[in-house]
Amino acid sequence: MNETANAETILEVRNLTKHFPIYRGFIRKVVGRVQAVNEVSFSVRKGETLGIVGESGCGKTTLGRIILRAYTATDGEVLFRRDTEMVNTFSLKGKELKQLRRNMQIIFQDPFSSLNPRKTVMEIVGEPLLIHGVARGKELESRIGALLELVGLNVKHMNRYPNAFSGGQRQRIGIARALALNPKLVVCDEPVSALDVSVQAQVVNLLEDLQKELGLTYLFIAHDLSVVEHISDRIAVMYLGSFVEMAVAEELYKSPRHPYTEALLSAVPLTDPHTRKVRIVLPGELPNPSDPPSGCRFHTRCSHARDNCKTDVPSWNEISPGHWVACHYAESLSLNGIVTVDRK
Ligand code: SF4
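Presented here is a report on the structure given in the accompanying data block. (Residues numbered from 1 in each chain as written. Predicted model: local features only at pLDDT ≥ 70, side-chain atom pairs only at ≥ 80, totals over all residues. Heavy atoms only, no water.)

**Points about the sheet that holds strand S10 (residues 242-248)**
- Here we have eight strands laid out as an open sheet, ordered S6-S7-S8-S3-S9-S10-S12-S11, and mixed in their pairing. Of all strands in the sheet, those bounded by a partner on one side alone are strand S6 (104-107) and strand S11 (317-320). Across the sheet, the mean angle from the axis of one strand to that of its neighbour is 20 degrees, orientation sign disregarded.
- Note that strand S9 (residues 234-239) and S10 share six bridges and pair antiparallel. (Pairing = 2+ DSSP bridges. Helix = DSSP H or I, 4+ residues; strand = E, 2+ residues; numbered from the N terminus. Axes fitted to C-alpha atoms, helices over the stretch in contact; angles between N-to-C directions.)

Here's what the structure looks like:
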């Protein structure tokens, strides 16, 4: 069962799968496949933020890149809204693909390596405008100035190089570059995880302000639930290439229905120092995605696993309106959530 799209839907992902072949030897024989993304389905409404959370190596970044057409999918579809119709992005070529790329942009994780150190801020932010033939000369300069102001940077610094800026300021440059072409959808790929804790909140607040001002839709990728807490309308939890739970953010925090979500929530720092909770430490490492466990992929680390979990793949079910889970015992397990405060 999958979510149904409606007139508000801007992005629809259907059964998306990506397996990377593993080659060996001189003749590069395929000896296996890394199952990075497995039959992931979801839709996103215009103006919404969907947080996608999971450990490193769970496939969340690959998922974002397939949506942006940086990787080719092994199977499945990605539909994106063009005016009144949803178009299959995998069938687009030439001018139509170029237009799609204008509408979908990315903010990278590492503001230190994602900006070319030999280019000035003006060249970095102006590059997409030049490539797409949007502006030149004085108009280009004035557009770049407006973008820098939008993200809270001093316009007078546009001739400086990235090394003259702090981590938070560099990420603002990356955000200005991502917004240069007025995209509708922005994939934020762990945009604050390389930053000091003290500036993370500033960048998240900036992204929230920009969303309100420009009507942006975000896919916000992160490796822990504390980062996505305030910015996300809904959150999807990913484990070993598959979504295991997805719900409205508040509900997911209060009433998780998947044991993996419960474990991630137990690691979220609480704002109230008088509240205590037990941290759930999952045994072992994330299994090898080229040889995932049978049945429920989480069974090797799940304290609730029973015999059938080792053989039967749990289906993706909507257990209450908008709350999706892949666990055989989602409706009977007693799991602990956390109560959050100051949500948007
Ligand atoms: Fe755990 Fe079984 Fe549910 Fe998987 S299906 S999360 S192993 S209880």
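**Observations concerning the packing of helix H3 (residues 121-131) against helix H4 (residues 137-150)**
- Contact geometry for H3 and H4: axes closest at 10 Å, N-to-C directions at 115 degrees. By the angle between their directions, the pair H3 and H4 is classed as roughly perpendicular. When the axes of H3 and H4 are compared, the crossing they make is right-handed. Residue-level inspection shows Val121, Met122, Val125, Gly126, Leu129 and Leu130 of H3 in contact with H4, the latter providing Leu140, Glu141, Arg143, Ile144, Leu147 and Leu148. (Parallel < 35°, antiparallel > 145°, perpendicular 65-115°, else oblique. Left-handed = near helix turned anticlockwise from the far one by under 90°. Contact = heavy atoms within 4.5 Å.)

**Looking at the pattern of salt bridges**
- In the structure shown here, the tally under the stated rule is twelve salt bridges.
- With a closest N to O distance of 3.1 Å, arginine 14 and glutamate 12 form a salt bridge.
- The exposure class of arginine 14 is partly exposed, given its relative accessible area of 34%.
- Classification of glutamate 12 by relative accessible area gives buried; the value is 9%.
- Arginine 45 is paired through a salt bridge with glutamate 48; the nearest N and O atoms lie 3.5 Å apart. (Salt bridge = Lys/Arg side-chain N within 4 Å of Asp/Glu carboxyl O. Buried < 20%, exposed > 50% of the residue type's maximum accessible area, 1.4 Å probe, protein only.)

**Details of the state of the cysteines**
- Applying the stated rule across the entire model yields zero disulfides.
- No disulfide involves cysteine 58; its sulfur sits 15 Å from the nearest other cysteine sulfur, which is in cysteine 296. (Disulfide = S-S within 2.5 Å.)

**Focus on the sheet that holds strand S2 (residues 29-45)**
- Pairing is antiparallel in the open sheet, where four strands are placed in the order S2-S1-S4-S5. Sheet topology places S2 and strand S5 (85-88) at the edges, where each strand pairs with a single neighbour. On average, adjacent strands in this sheet sit at an angle of 25 degrees to one another, irrespective of strand direction.
- One ladder, built from five bridges, connects strand S1 (residues 9-24) with strand S4 (residues 75-82); its direction is antiparallel.

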